[in-house]
Amino acid sequence: MRSVELIESWPVEHAGTAVVSADGEVLASHGDLDKVFPLASVSKLLTAYAALVAVEEGAVELDDPAGPEGATIRHLLAHTAGYDFSERTVRAAPGERRIYSNVGFEVLAETITERAGIDFATYAREAVLAPLSMASTDVSGSPAAGARSTVTDLARFAAELQRPTLLHPETVAEATSVVFPGLDGVVPGFGRQRPNDWGLGFEIRDGKSPHWTGAQSSPRTFGHFGQSGTFLWVDPDAGIACVALTDRDFGPWAAEVWPTFTDAVLAEHGRAGA
């Protein structure tokens, strides 16, 4: 069985997946590739990328004040501004703890809207979706968790993450490296991680255990998963990325099947298995 066909065994009604090489080629795909799925927190990757475009365009700077007193756009992207997960309550001083926060991304989008003078959803469409021909992707919902997209569209985004055309490669390298290292925190669904490494909007696998990627995933693997049963990861050492979207909320089923699936994809399509 091809590794991507393992989604047939997942306890979901609909699923789609694609594996994308470092040069943007779709190496394998299976399932509902053009069905529109809710992304949940995978939305944060699109939001972060649009925010980084805003930085490169000069609309904002990473160290501009944003959010709670003493916090910056960098803190918001890295979940270190101190906000609560879902309420605009400050739980810690900026840079003190890694508190995973939807609110932080909502404030991030509001800040860019204010300083760029354009609605953030419009900005994201013009800066990211349109140039990448992601015509089936809708970012009009919450910038933290409200986007909707397809496997086909996210495969284009996964290609962009590996060979950037909209951002300078150094910007993407910074965004996918650890920011504010050494901070502990919780990965939702996988418990407290010491440390809980994160980049600028991108979760960094590092040595986290348990984790939603595979046992064979490199420490440099970055991406995000969503509570709608979705994920996107890029493993730079393996030279591939993978997208999987489903219509069943994240739960123990996903924590069980995703790592096995990821290891199978890496074995078949990664550089080590090529």
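- In the annotation of an unreviewed UniProt entry, the entry for the protein chain reads Beta-lactamase family protein, and the organism field reads Sanguibacter inulinus.

**Section: the overall build of the protein chain**
Working step 1: Counting its regular elements, the protein chain contains 7 helices and 10 strands.
Working step 2: Taken over C-alpha atoms, the radius of gyration comes to 17 Å for the protein chain, in line with the 19 Å a tight globule of 274 residues would show.
Working step 3: Dimensions of the protein chain along its principal axes, counting C-alpha atoms only, are 55 × 40 × 35 Å.
Working step 4: Sorting the 274 residues of the protein chain into buried and exposed places 57% on the buried side.

**Details of helix H7 (residues 252-269)**
Working step 1: In this model, H7 (18 residues) spans 26 Å end to end at C-alpha, consistent with the 26 Å of a helix rising 1.5 Å per residue.
Working step 2: Among the residues of H7, those classed as buried are Trp253, Ala254, Val257, Trp258, Pro259, Phe261, Thr262, Asp263, Val265, Leu266 and His269.
Working step 3: Check the buried side of H7 and you find it contacts strand E1 (15-21), strand E2 (26-31), strand E8 (222-226), strand E9 (230-235) and strand E10 (240-246).

**With respect to the environment of Arg125**
Working step 1: The residue Arg125 is located in helix H4 (residues 120-129) in this model.
Working step 2: Each C-alpha atom of the pair Arg125 and Asp138 lies 8.3 Å from the other, and the pair is 13 residues apart in sequence.
Working step 3: Apart from residues lying up to four places away in sequence, Arg125 is in contact with Ala130, Pro131 and Val139.

**Section: the pattern of salt bridges**
Working step 1: According to the stated counting rule, one finds 10 salt bridges in the structure shown.
Working step 2: Here Asp63 makes a salt bridge to Arg74, at a shortest N to O gap of 3.0 Å. Placement of Asp63 in the loop between helix H1 (43-57) and helix H2 (73-77) and of Arg74 in helix H2 is noted, with a sequence separation of 11 residues between them.
Working step 3: The class of Arg74 is buried, set by a relative accessible area of 18%.
Working step 4: One salt bridge in this structure joins Asp153 and Arg156, with 3.0 Å as the shortest N-O distance. Pair noted here: Asp153 and Arg156 are both in helix H5 (residues 151-162), with a separation of 3 residues, about one helical turn.
Working step 5: For Arg156, a relative accessible area of 36% puts it in the partly exposed group.

**Points about the sheet that holds E8**
Working step 1: Taken in spatial order, the 6 strands of this open sheet run E2-E1-E10-E9-E8-E7, and their pairing is antiparallel. For this open sheet the edge positions go to E2 and strand E7 (203-204), each flanked by a neighbour on one side alone.

**What about the packing of H1 against H4?**
Working step 1: Two elements in contact, H1 and H4, have axes separated by 9 Å at closest approach and are oriented at 80°. Taken together, the axis directions place H1 and H4 in an arrangement best described as roughly perpendicular. Across from Thr47, Tyr49, Ala50, Val53, Ala54 and Glu57 in H1, the residues of H4 making contact are Phe120, Tyr123, Ala124, Ala127 and Val128.
Working step 2: Classifying every residue of the contact of H1 with H4 gives 9 nonpolar, 1 polar and 1 charged.

**Some remarks on the UniProt feature "domain: Beta-lactamase-related" (unreviewed entry) in the protein chain**
Working step 1: Mapped onto the present numbering, the UniProt feature "domain: Beta-lactamase-related" (unreviewed entry) falls at residues 18-261.
Working step 2: Between the end C-alpha atoms of residues 18-261 the distance is 12 Å, and the span holds 30% helix and 16% strand.

**Concerning the packing of aromatic side chains**
Working step 1: Per the counting criterion, the structure on display carries 16 aromatic pairs.
Working step 2: Ring geometry for Trp10 and Trp253: centres 6.2 Å apart, planes at 55°, overall tilted. Taken as a pair, Trp10 in the segment before E1 and Trp253 in helix H7 lie far apart in primary sequence, 243 residues in all.
Working step 3: Given a relative accessible area of 8%, Trp253 falls into the buried group.
Working step 4: Each ring, one from Phe225 and one from Phe250, has its centre 4.8 Å from the other, and the planes form 40°; the classification is tilted. Of this pair, Phe225 sits in strand E8 while Phe250 sits in the loop between E10 and H7, and the two are 25 residues apart along the sequence. Take Phe225 and Phe250: they sit in the same class, and that class is buried.

**Side note on the side chain of Ser3**
Working step 1: Considering the arrangement of structural elements, one finds Ser3 in the segment before E1.
Working step 2: In this view, Ser3 contacts Phe261, Ala264, Val265, Glu268 and His269; residues no more than four positions away in its chain are not counted.

**So, the pairing of E1**
Working step 1: Burial within E1 is extensive, with 7 of its 7 residues counted as buried.
Working step 2: Residues Ala15, Thr17, Val19 and Ser21 point to one face of E1 and Gly16, Ala18 and Val20 to the other, with burial holding for every one of them.
Working step 3: As paired strands, E1 and E10 are joined by 7 bridges and run antiparallel to one another. In the strand pairing of E10, Val19 is matched with Cys242.
Working step 4: Pairing of E1 with E2, which is carried by 5 bridges, proceeds in the antiparallel orientation. The partner of Val19 across the bridge, within E2, is Ala28.
Working step 5: Taking the residues between adjacent antiparallel strands as the criterion, E1 and E2 are bridged by 4 residues, where Gly24 takes a positive phi near 95°.

Cut-offs applied
- Residues numbered from 1 in each chain as written.
- Predicted model: local features only at pLDDT ≥ 70, side-chain atom pairs only at ≥ 80, totals over all residues.
- Heavy atoms only, no water.
- Helix = DSSP H or I, 4+ residues; strand = E, 2+ residues; numbered from the N terminus.
- Rg over C-alpha atoms; globule rule 2.2 N^0.38 Å.
- Buried < 20%, exposed > 50% of the residue type's maximum accessible area, 1.4 Å probe, protein only.
- Expected span 1.5 Å × (residues − 1).
- Contact = heavy atoms within 4.5 Å.
- Salt bridge = Lys/Arg side-chain N within 4 Å of Asp/Glu carboxyl O.
- Pairing = 2+ DSSP bridges.
- Axes fitted to C-alpha atoms, helices over the stretch in contact; angles between N-to-C directions.
- Parallel < 35°, antiparallel > 145°, perpendicular 65-115°, else oblique.
- Nonpolar A, V, L, I, M, F, W, Y, C, P; charged D, E, K, R; others polar.
- UniProt positions renumbered as here; feature names shortened; annotations may be inferred.
- Phe/Tyr/Trp six-rings, centres within 6.5 Å; stacked < 30°, edge-to-face > 60°.

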